Amino acid sequence: MVGTLLLLLLLLLPFLLYIAAPQIRKMLSSGVCTSTVQLPGKVAVVTGANTGIGKETAKELARRGARVYLACRDVQKGELVAREIQMMTGNQQVLVRKLDLADTKSIRAFAQCFLEEEKHLHILINNAGVMMCPYSKTADGFEMHMGVNHLGHFLLTHLLLEKLKESAPSRVVNVSSLAHHLGRIHFHNLQGEKFYQSGLAYCHSKLANILFTQELARRLKASGSGVTVYSVHPGTVNSELVRHSALMRWIWRMFSFFIKTPQQGAQTSLYCALTEGLEVLSGNHFSDCHVAWVSAQARNETVARRLWDVSCDLLGIPVD
């Protein structure tokens, strides 16, 4: 319960400050992606694209002419969204493929099919996630938050990385959260078997997203790959992410005037995927379309490298 209250306070703090201090309202206003870049001939994958921020991100990429893959666990819902996007944008190159990030077999199957279908991949948006789930494990025995939010996207990115390199310049965007400030990487309890609190488990996985981003960026820069990677805080958004918590749903309704729409929440992901000249900022964390401050834990290179190695070991990926 304490972890949940801390998470709520952290996510709602900007709104409390907004109310209490009108002079900083401008600072807390939502960023907007102003890039005019068009994407004909480009290929993008968006995970969790059948709802919320992912749906809005995919819609905008399609509007700009990209061939967009909606990587979804619920294919039926994904097909409905794909048709909606096709009708709204006039772009028929919106495709749905099954991806369950809680099952490494599904992740590998998705990657295999994609690599057989496509010659290129220019944009990978690791958007899908779970939040405040009751304790449960993925098909491979990983704690659900760490398994879906971090390990699932870690594996997906690994499997698609060569295609991203072949298609360079290309970009990876990892959706994290302001909640990472409450996160810690407990290597002795990575699967939550010794102690578990659903709110903090979410925070830990969001910290892992940022550490993964920084370590991946370091490795890609060293190899001169032409692939850049960014992590983002989308803001506190009205989405299905809070479906596991009645308290969070109630708070979201109470503060609905201040909570972002999914379209607003997608802006920073789009900014990092599209804005020209952003390559020099690879590895950085963004919020409201600006570079954002991260916690001391998120800047710990030793933890980032160890998490990389542990993640590889858990997923059966050779450690380099």
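Residues numbered from 1 in each chain as written. Predicted model: local features only at pLDDT ≥ 70, side-chain atom pairs only at ≥ 80, totals over all residues. Heavy atoms only, no water.

Re helix 10 (residues 267-274)
With eight of eight residues buried, helix 10 is to be regarded as a mostly interior element. The complete set of buried residues in helix 10 reads Gln267, Thr268, Ser269, Leu270, Tyr271, Cys272, Ala273 and Leu274. On its buried face, helix 10 sits against helix 3 (52-63), strand 4 (123-126), strand 5 (170-175), strand 6 (227-233), helix 9 (262-265) and strand 7 (285-287). (Buried < 20%, exposed > 50% of the residue type's maximum accessible area, 1.4 Å probe, protein only. Helix = DSSP H or I, 4+ residues; strand = E, 2+ residues; numbered from the N terminus. Contact = heavy atoms within 4.5 Å.)

Considering the environment of arginine 219
Here arginine 219 lies in helix 7 (residues 198-223). Apart from residues lying up to four places away in sequence, arginine 219 is in contact with Trp308, Asp309 and Asp320. Here glutamate 215 takes part through its side chain, which lies 2.9 Å from a polar atom of the side chain of arginine 219. (Polar contact = N/O pair within 3.5 Å; in protein donor to acceptor, adjacent residues only side chain to side chain.)

Some remarks on the side chain of threonine 57
Structurally, threonine 57 is set in helix 3. On the accessibility criterion, threonine 57 (1% relative accessible area) is buried. Threonine 57 has contacts with Ile125, Ala266, Ser269 and Leu270, leaving out every residue within four places of it along the chain.

What to know about the sheet that holds strand 8 (residues 290-291)
Overall, mixed pairing links the eight strands, which are arranged 3-2-1-4-5-6-7-8 in an open sheet. In this open sheet, the two edge strands, each paired with only one partner strand, are strand 3 (94-98) and strand 8. Packing against the sheet, helix 6 (residues 144-166) makes contact with strand 1 (43-47), strand 4, strand 5 and strand 6, and its axis sits at approximately 175 degrees to strand 4. Sheet strands in contact with helix 10 are strand 4, strand 5, strand 6 and strand 7, and its direction is about 160 degrees off that of strand 5. (Pairing = 2+ DSSP bridges. Axes fitted to C-alpha atoms, helices over the stretch in contact; angles between N-to-C directions.)

Observations concerning the environment of histidine 158
Positionally, histidine 158 belongs in helix 6. According to the relative accessible area criterion, histidine 158 is partly exposed, its value standing at 37%.

Describing the nonpolar core
Counting residues in hydrophobic clusters, the biggest one holds 50 residues, and the most contacted among them are Val45, Phe110, Phe114, Leu160 and Ile185. Secondary-structure elements contributing two or more residues to this core are strand 1, strand 2 (67-72), helix 5 (104-117), helix 6, helix 7, strand 6 and helix 11 (301-315). In terms of residue count, helix 6 provides more of this core than any other element does, ten residues in total. Membership of the second largest hydrophobic core comes to 35 residues, among which are Ala62, Ala66, Cys272 and Cys289. (Core = buried A, V, L, I, M, F, W, Y, C linked by side-chain atoms within 4.5 Å.)

Describing the environment of glycine 52
Along the chain, the position of glycine 52 falls in helix 3. Its relative accessible area of 13% is what places glycine 52 among the buried residues.

Regarding the pattern of salt bridges
In this structure the tally under the stated criterion is 16 salt bridges. Arginine 64 serves as the salt-bridge partner of glutamate 60, at 2.8 Å between the closest nitrogen and oxygen. Judged by its relative accessible area of 16%, glutamate 60 falls in the buried class. Note that arginine 171 is salt-bridged to glutamate 279, the shortest N-O span being 3.0 Å. Within this pair, whereas arginine 171 is found in strand 5, its partner glutamate 279 is found in the loop between helix 10 and strand 7, the two being separated by 108 residues in sequence. Using a relative accessible area of 38% as the deciding quantity, one classes glutamate 279 as partly exposed. The structure contains a network of salt bridges with shared partners spanning Glu215, Arg218, Arg219, Glu301, Arg305 and Asp320. (Salt bridge = Lys/Arg side-chain N within 4 Å of Asp/Glu carboxyl O.)

Brief notes about the packing of aromatic side chains
Here the structure, examined in full by the defined rule, presents eight aromatic pairs. Between tyrosine 69 and phenylalanine 114 the ring centres are 5.0 Å apart and the planes differ by 80 degrees, which places this aromatic pair in the edge-to-face class. Placement of the pair is tyrosine 69 in strand 2 and phenylalanine 114 in helix 5, with a sequence separation of 45 residues. Comparing tyrosine 69 with phenylalanine 114, the two get one shared label, buried. Taking 5.0 Å as the distance between ring centres and 65 degrees as the angle between the ring planes, the aromatic pair formed by phenylalanine 154 and tryptophan 308 counts as edge-to-face. With a gap of 154 residues between them, phenylalanine 154 in helix 6 and tryptophan 308 in helix 11 connect regions that are remote in the sequence. Each member of the pair, phenylalanine 154 as well as tryptophan 308, is classed as buried. (Phe/Tyr/Trp six-rings, centres within 6.5 Å; stacked < 30°, edge-to-face > 60°.)

Notes on the packing of helix 6 against helix 11
Two elements in contact, helix 6 and helix 11, have axes whose closest approach is 10 Å; the angle formed by their N-to-C orientations is 80 degrees. Judged by the angle between their axes, helix 6 and helix 11 are roughly perpendicular. Counted together, His150, Leu151, Phe154 and Leu155 of helix 6 and Leu307, Trp308, Ser311, Cys312, Leu314 and Leu315 of helix 11 form the full contact between these two elements. Of the residues assigned to the contact of helix 6 with helix 11, the class counts are eight nonpolar, two polar and no charged. (Parallel < 35°, antiparallel > 145°, perpendicular 65-115°, else oblique. Nonpolar A, V, L, I, M, F, W, Y, C, P; charged D, E, K, R; others polar.)

Focus on the pairing of strand 2
If a strand is regular, its side chains alternate between the two faces of the sheet. For strand 2, a buried count of five out of six residues is recorded, marking the element as mostly surrounded by other parts of the structure. In terms of strand pairing, strand 1 meets strand 2 through five bridges, oriented parallel. By the bridge assignment for strand 2, valine 46 is matched with leucine 70. Where the polypeptide runs from strand 1 across helix 3 and back to strand 2, its parallel neighbour, the crossover connection is right-handed. Bridging between strand 2 and strand 3 involves five bridges; their strand directions are parallel. Each bridged residue has a counterpart across the sheet, and for valine 68 the counterpart in strand 3 is valine 94. (Right-handed = clockwise from strand over helix to strand, strands pointing away.)

Everything listed here is a matter of coordinates, which is why it stays silent on function.
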